[in-house]
Amino acid sequence: MPDIDIRTTGRAGRITLTRHKALNALSYDMCMAIDSALRNWREDDDVDLVILDAEGEKAFCAGGDIAELYETGTKEDFSFGQTFWRDEYRLNALIFEYPKPVISFLQGFTMGGGVGIGCHGSHRVVGESSQIAMPECSIGLVPDVGGSLMLALAPGRLGEYLGTTGYRMGPADAILVGFADYFIPQINWPDLIELLEASGRAEIIDDHAHTPPIGTLNYLQAEIDQCFDGETLSDILNNLRNIESEFSNKAMTALRRNSPLSVACTIEMLHRLRGTSLTIRKALELEYRFTFRAMEHGDILEGIRAQIIDKDRNPQWQFADMNVPAVAVSKMLQPLGSDALSFPEE
């Protein structure tokens, strides 16, 4: 199909995103093609590992294709988005739980839906240009596609910081936080992929790993932990107001750009996940509670309008004063009953 090239080469199942003019944005059809290929290769003894990569220098995958979400949602047809997220999340779990090595090469932007397909495999490779982020709060969503799991597991309060501000991680930061495993200079990627295809041995990646350029988050960790140590959005805002620093001012500015409801729900989600035995399925099920309701009750349609459609960068958020009632958070995250995300067993 256009936008994606799926094939086998040597001992490897190969998936290459080819929609580089759209920063390899992930459509529903692309998700389903990946899902089908992975299920076929899982039982194929001739496929030892799976390699995910993408054409173009700018992005592995800059996120999901949200134009159709807007088109259907503004007509009060919420079923398309609900189906997209449900099947995408099932794909995210499939990658996370896959019995064979899944190796991803993440150049440029890897954001949102790109994280969902690129950051749940067993061997996640970043290079000099890599920038990984979960910027969903800027369009009225929450970090999803299993990203909430990695954010909940991140050191200290990095999860709250990254999930609410959309901070872009370079290669060292992505490895520190748990979104990537290996730094390998991008000039070496083609030869390494050839070796992987020929050998079917994922462990050869270890021999090609380098020390990444120095990151930023390890230096900011103490200040992030101090500022983002709070049970609620209100707690974190109070911390930021009371700590006068360049960092706190920048963090406050970043938060003010994003949907207050999304930010408050993100913080609540991370606290809830840390209070459980963490699994990818629990994280995805909690995320789906929000995304299932997002178009009807959240800010996503307004966020897409302001960022993508009209591009006025002036979203009219609910709770624009950033005073988000606890009941509003609870409503977005309450169980879905018969609509709850499920994972049919094959």
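Figured I'd write up the structure that's included with this text. (Residues numbered from 1 in each chain as written. Predicted model: local features only at pLDDT ≥ 70, side-chain atom pairs only at ≥ 80, totals over all residues. Heavy atoms only, no water.)

1. Thoughts on the overall build of the protein
Along the protein, the regular secondary structure elements total 15 helices and nine strands. In summary, the protein has a C-alpha radius of gyration of 19 Å against a globular reference of 20 Å for 346 residues, a match within 12%. Along the three orthogonal principal directions, the C-alpha set of the protein runs to about 55 × 45 × 40 Å. Looking at the protein residue by residue over its 346 residues, the buried ones come to 56%. Long-range pairs, those at least 24 residues apart, make up 74% of the contacts in the protein between residues at least 6 apart in sequence. Accessible surface, the protein as shown: approximately 14,400 Å² in total, 49% of it carbon and sulfur. (Helix = DSSP H or I, 4+ residues; strand = E, 2+ residues; numbered from the N terminus. Rg over C-alpha atoms; globule rule 2.2 N^0.38 Å. Buried < 20%, exposed > 50% of the residue type's maximum accessible area, 1.4 Å probe, protein only. Contact = heavy atoms within 4.5 Å. Areas by Shrake-Rupley, 256 points an atom, 1.4 Å probe, with all protein chains shown as cover.)

2. Notes on the pairing of strand β3 (residues 49-54)
The buried count for β3 comes to six of six residues, which makes it a mostly enclosed element. Burial along β3 is two-sided: the residues L49, I51 and D53 and V50, L52 and A54 are all buried. Across six bridges, the pairing between strand β2 (residues 12-17) and β3 is parallel. The residue bridging I15 from the neighbouring strand is L52, located in β3. For the segment spanning β2, helix α1 (residues 28-42) and β3, crossover handedness is right-handed. (Pairing = 2+ DSSP bridges. Right-handed = clockwise from strand over helix to strand, strands pointing away.)

3. A word on the nonpolar core
Core analysis: the largest hydrophobic core is formed by 99 residues, its most contacted members being L38, F179 and F228. The greatest single-element share of this core, amounting to nine residues, is contributed by helix α13 (residues 280-297). Core analysis: the next-biggest nonpolar cluster, separate from the first, contains 15 residues, A12, L49, I103 and I204 among them. (Core = buried A, V, L, I, M, F, W, Y, C linked by side-chain atoms within 4.5 Å.)

4. A few points about the sheet that holds strand β8 (residues 131-133)
Taking strand neighbours across the sheet as the criterion, the three strands line up as β4-β6-β8 in an open arrangement whose pairing is parallel. Strands with a single pairing partner mark the edges of an open sheet, and in this sheet they are β4 (59-61) and β8. For this sheet the average axis-to-axis angle between neighbouring strands, irrespective of direction, equals 15 degrees. (Axes fitted to C-alpha atoms, helices over the stretch in contact; angles between N-to-C directions.)

5. Remarks on the side chain of S262
Inspection of the secondary structure puts S262 in helix α12 (residues 260-274). According to the relative accessible area criterion, S262 is buried, its value standing at 1%. With residues near it in sequence (within four places) discarded, S262 still touches C137, G140, L141, V142 and F290.

6. Here we look at the packing of aromatic side chains
Going through the model one piece at a time under the given rule, you end up with eight aromatic pairs. Ring plane angle 80 degrees and centroid distance 6.0 Å describe the contact between Y89 and Y288, whose orientation is recorded as edge-to-face. Here Y89, found in helix α3 (residues 79-96), pairs with Y288, found in helix α13; they are 199 residues apart in sequence, far enough to count as distant. Side by side, Y89 and Y288 carry an identical accessibility label, which is buried. Aromatic pair Y161 and F228: ring centres 5.4 Å apart, planes at 70 degrees, arrangement edge-to-face. Of the two residues, Y161 is situated in helix α6 (residues 158-165) and F228 in the loop between α9 (217-227) and α10 (233-242); the sequence distance between them amounts to 67 residues. (Phe/Tyr/Trp six-rings, centres within 6.5 Å; stacked < 30°, edge-to-face > 60°.)

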